[in-house]
Amino acid sequence: MRQNKIITRFSILLGMLFFWGNSFAQISVSINQQTIKQIIPQIEKTSGYNVFYTDKLPNLDTRKDLHVSNAPLEAILKELFKGTKITFEIKPNKQVLLFQQANKPSGNRKQVPSKLLVEAESFDRKGGWVVDQQFMDLMGSPYLMAHGMGVPVEDASTTISFPEDGTYYVFVRTYNWTSPWYDGKGPGKFTLAVDNKKLPVVLGDEGKQWMWQPAGTVSVKAGSSSLTLKDLTGFNGRCDAIYFTTEKGQLPPAQATQLTDFRKKMLDIPAEPEQYSYDVIVTGGGIAGMCAAATASRLGCKVALINDRPVLGGNNSSEVRVHLGGNIGVGPNSGLGRMIREFGHSKEGNAKPAANYEDEKKELFIANEKNITLYANYRAISVKTDGNRIESVIIKHIENGKEVELKAPLFSDCTGDGTIGYLAGADYNMGRESRTEYGEELAPIQPDKMTMGSSVQWYSADKGKPTRFPIFSYGLQFNEKNCEKVTMGEWKWETGMNFNQIDDFERIRDYGLMVIYSNWSFLKNELKDNKKYKNRALDWVAYIAGKRESRRLLGDYILKQDDIDKNVYHEDASFVTTWSIDLHFPDSLNASHFPDAPFKAATKHIHIYPYAVPYRCLYSRNIENLFMAGRNISVTHVALGTVRVMRTTGMMGEVVGMAASLCKKYNTTPRGVYQKHLPELKALMSEAEGIAAELNIQIIGGQTRVSSAVRQPLATVTGYGIRKTGAVQMDVRKKLAGQDIII
């Protein structure tokens, strides 16, 4: 028997089993006034059978009394469904299929096809495949990617359950990622296996966009089966989802909105997600978001911190590996930034080994905050608004697809891309303003959409013996003149300046991978004098791209070059920016070799006097309860060149956390803090002592050594960053005692 769509399956493994086989199991049930939908799990528990049905089945909410002793399952079900339009069929494999009476197939009636959708990111055992969520807004979902740097990765596998016996047509949603540059078969090849039987079609190497690729057919018995992804190349094959159907030629929808609705129906995602409420919701777990959440937490706010990766730190995490830039301890609020010492790395440098970025310190930093709930691996996908206020944000787990609605009176957009502001309708700019718009000498004469690019960093390692790398030639040609004779690439390997860093981001990241593999292939296989590379192999290539610029949300004040050049004073001076005006542009030599698609950047550092940025740059001008911190604050493209580095963005987060606490205290808005409570905000910023208020800080050879001595009793500390009681600070003290931390 087949159903159009199996949505609900109750399977309870523990319970009393009163049966001696098949449908003749003797069951006792005593239930008063419960719905049929509520009764079914109890029958499953006592019988050991699994019951399949669709939520469209009639009479599921009909209330019943059911009192039967020592009766077979068939008799129980007949009694339960008496007077309803529900009928059933008991299968020999301990399954019960429910039907609407008029829809039950018969010998002269066409059967309705069975369907099953499996999201690749939900696989139980991911092997060497990685979850990539960066492009959910573009292609509709996270996906699994075989990121093996030219070496096939370990299989990913999971267990699935087919609703009934039959022959299923199989379709895999995948993407031939080199297709923008190469018309032939691509390198991201993989296959699919069901119950260890490999399907004949090679997947991921054809087409020009995300598509449902036919994978063949498979004949299975109802119940559990294994499903396996087998990578063939190590070159970033990608799988979004696998769809099984007994109906020939019936593909899932391709259009984005229709596909989203299809996923929700097939995966039984509730229309109304779980709801939780907080004082402040911070979206983005980079340095800015961490500091915003921790500061608000320490000042008494209940905070939700949303991070769409398994590790915190954003570009400073081991996934991207950019070091912390900018200075702290400067200007009118010199205590700002000391918080970063609690989790900042002790070794400088880009594209270094993973351990250098000390992800565990960031994790502990947030875990030790009792007022923070961390939603790791959740991505914000939509918001609900009421006029010019955000009411809630909907977040989705990047592996299991669970959706949650978070409500709060205050929100902080620390996504970098200004995602929350964009979804809420906040005003924003993207690209370069004209020279006359803000009177900026460094701006172009005409406005354009050019931004700074994104970096895919990498390095190789000497393996002590000759190594091999496959020929990788997919549309980008290297030769003795244009190749990059290097063993690593850090920030200068930057792509996408002339593309949209939101809409074209998958292409931008993929081009970063393409140039690395293509250049390395030439060095290993074709360079005449390649002795330097004989024993080297790619040791790390980022697949999470380090982005510098996209949307900039507009606040009550827009920071511009003139403010910085003339050191213009503002009464709401807050965090201090110290980095030079550092605007990246295509490297001229690389651009001469690859005029249509340069992949290296250059810059000219224009040094500045440390400048205190107005607080008004940290909240939206038209969404009244939205803060922002990070590279998406209210600045021009030119001014972004100085504020975008991560010690500086961390200080932005601290100021936002302080202002949020005042919003809670006075039931006001971010603008209301500026208009009515600025003296109190300034007092908080000037008192900022961070970890230095508790620990004894000594300058040793240009570094800061943290000792376990307490400068003053905790009970007398008034700085915003220290709780007057609590073991958390003692834990931090023990963890950091004796460690060197770069200022």
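Residues numbered from 1 in each chain as written. Predicted model: local features only at pLDDT ≥ 70, side-chain atom pairs only at ≥ 80, totals over all residues. Heavy atoms only, no water.

1. Re the overall build of the protein
A tally of regular secondary structure across the protein gives 16 helices and 40 strands. Taking all 743 residues of the protein together, 58% fall into the buried category. Of all intrachain contacts in the protein linking residues separated by at least 6 positions in sequence, the fraction that spans at least 24 positions is 76%. Carbon and sulfur atoms provide 49% of the accessible area of the protein, an area that totals close to 30,100 Å². (Helix = DSSP H or I, 4+ residues; strand = E, 2+ residues; numbered from the N terminus. Buried < 20%, exposed > 50% of the residue type's maximum accessible area, 1.4 Å probe, protein only. Contact = heavy atoms within 4.5 Å. Areas by Shrake-Rupley, 256 points an atom, 1.4 Å probe, with all protein chains shown as cover.)

2. Some words on the pattern of salt bridges
Throughout the structure, instances matching the rule amount to 42 salt bridges. Among the ionic pairs, D539 bridges to K463, the shortest N-O distance being 3.0 Å. On the criterion of sequence distance, the pair formed by D539 in strand 30 (residues 536-541) and K463 in the loop between strand 27 (458-462) and strand 28 (488-489) is long-range, its members being 76 residues apart. Residue class for D539 comes out partly exposed when judged on its relative accessible area of 35%. (Salt bridge = Lys/Arg side-chain N within 4 Å of Asp/Glu carboxyl O.)

3. Concerning the sheet that holds strand 21 (residues 378-386)
Strand order across the open sheet formed by 4 strands is 17-23-22-21, with mixed pairing between neighbours. Looking along the sheet, the strands with just one partner apiece sit at the ends: strand 17 (274-277) and strand 21. For this sheet the average axis-to-axis angle between neighbouring strands, irrespective of direction, equals 25°. Summarising the sheet, strand 22 (residues 389-397) and strand 23 (residues 403-407) pair through 5 bridges and their orientation is antiparallel. (Pairing = 2+ DSSP bridges. Axes fitted to C-alpha atoms, helices over the stretch in contact; angles between N-to-C directions.)

4. Quick notes on helix 15 (residues 678-687)
Taken together, the buried positions of helix 15 are occupied by L678, L681, L684 and M685. With its buried residues spanning 120° around the axis, helix 15 presents them on a single face. (Arc of directions from axis to C-beta.)

5. With respect to the sheet that holds strand 15 (residues 223-231)
Strand pairing in a sheet takes place through backbone hydrogen bonds and is either antiparallel or parallel in direction. On the basis of which strands lie adjacent, the open sheet formed by 4 strands has the order 10-15-12-13 and antiparallel pairing. In the strand order of this sheet, the two ends are held by strand 10 (156-162) and strand 13 (197-198), each with one partner. Relative to strand 13, strand 12 (residues 190-194) runs antiparallel, the two being bridged by 2 bridges. Considered in strand 13, the bridge of V194 is made with K197.

6. As for the nonpolar core
Ranked by internal contacts, the top residues of the largest apolar core, which has 87 residues, are V393, L406, F575 and Y615. Not counting chain neighbours up to four residues away, the residues in contact with L406 comprise Y276, Y278, I281, A304, I306, Y375, E391, S392, V393, I395 and F411. Residues F469, M514, Y533 and W540 belong to the second largest nonpolar core, which totals 45 residues. (Core = buried A, V, L, I, M, F, W, Y, C linked by side-chain atoms within 4.5 Å.)

7. Description of the packing of aromatic side chains
All chains considered together, the criterion is met by 32 aromatic pairs. The structure contains a cluster of three or more aromatic residues connected by ring pairs, namely W177, Y182, F235, F469, F472, Y474 and Y517. Above the ring of W540, the side-chain terminus of R321 is found at 4.0 Å from the ring centroid. Directly above the ring of Y422 sits R551, whose terminal nitrogen or CZ lies 3.8 Å from the centroid. (Phe/Tyr/Trp six-rings, centres within 6.5 Å; stacked < 30°, edge-to-face > 60°. Lys NZ or Arg CZ within 6 Å of the ring centre and 35° of its normal.)

8. Examining the environment of T87
Looking at the element boundaries, T87 is found in strand 5 (residues 86-91). Of the residues examined, T87 reaches a relative accessible area of 18% and is grouped as buried. Each C-alpha atom of the pair T87 and L77 lies 8.6 Å from the other, and the pair is 10 residues apart in sequence.

9. Structural notes on the packing of helix 5 (residues 287-298) against helix 13 (residues 646-666)
In the contact formed by helix 5 and helix 13, the axes pass within 7 Å of each other and the chain directions differ by 30°. In terms of orientation, helix 5 and helix 13 fall into the roughly parallel class. Crossing hand, helix 5 versus helix 13: right-handed. Between helix 5 and helix 13, the residues in contact are I287, A288, C291, A292, T295 and A296 and M646, T649, G650, G653, E654, V656, G657 and M658, respectively. (Parallel < 35°, antiparallel > 145°, perpendicular 65-115°, else oblique. Left-handed = near helix turned anticlockwise from the far one by under 90°.)

10. Thoughts on unusual backbone geometry
Despite not being glycine, N196 shows a phi value in the positive range, around 65°. One can find N196 in the loop between strand 12 and strand 13. Residue N196 is classed as exposed on the basis of its relative accessible area, which comes to 68%. Within the chain, N567 stands out as a residue other than glycine whose phi angle is a positive 50°. Residue placement: N567 occurs in the loop between helix 10 (561-565) and strand 33 (573-577).

11. Concerning helix 5
Each α-helix winds once per 3.6 residues, and so residues spaced three or four apart point in a common direction. For helix 5, with 12 residues, the first-to-last C-alpha span of 16 Å sits near the 16 Å given by 1.5 Å per residue. Among the 12 residues in helix 5, 12 count as buried, and that is most of the element. Regarding helix 5, the residues found buried are I287, A288, G289, M290, C291, A292, A293, A294, T295, A296, S297 and R298. Taken from the residues just after helix 5, G300 is the one with a positive phi, measuring 95°. (Expected span 1.5 Å × (residues − 1).)

12. Some points on the packing of helix 1 (residues 36-47) against helix 2 (residues 73-80)
Contact geometry of helix 1 with helix 2 gives a least axis separation of 12 Å together with a crossing angle of 175°. The angle between helix 1 and helix 2 falls in the class roughly antiparallel. Mapping the contact onto sequence places I36, I39, I43 and S47 in helix 1 and L73, I76, L77 and L80 in helix 2. Within the contact of helix 1 with helix 2, the residues separate by chemical class into 7 nonpolar, 1 polar and no charged. (Nonpolar A, V, L, I, M, F, W, Y, C, P; charged D, E, K, R; others polar.)

13. Quick look at the confidence of the model for the protein
On average, residues of the protein score 88 in pLDDT, and 88% of them reach the 70 mark or higher. Contacts of residues 1-25 to residues separated by more than four positions or lying in other chains number 83 contacts, the stretch itself having pLDDT below 50. Here residues 691-743 is a poorly scored stretch, pLDDT under 50, and it has 108 contacts once near neighbours within four places are set aside; other chains count. (pLDDT = per-residue confidence, 0-100.)

14. Some remarks on the pairing of strand 11 (residues 166-174)
Among the 9 residues of strand 11, 7 are classified as buried, and the element is accordingly described as predominantly covered. Relative to strand 14 (residues 211-220), strand 11 is paired through 9 bridges, and the arrangement is antiparallel. Across the sheet, F171 pairs through a bridge with P214, a residue of strand 14. Here strand 11 pairs with strand 16 (residues 235-245) via 6 bridges, running antiparallel. Looking at strand 16, one finds that V172 is bridged to I242.

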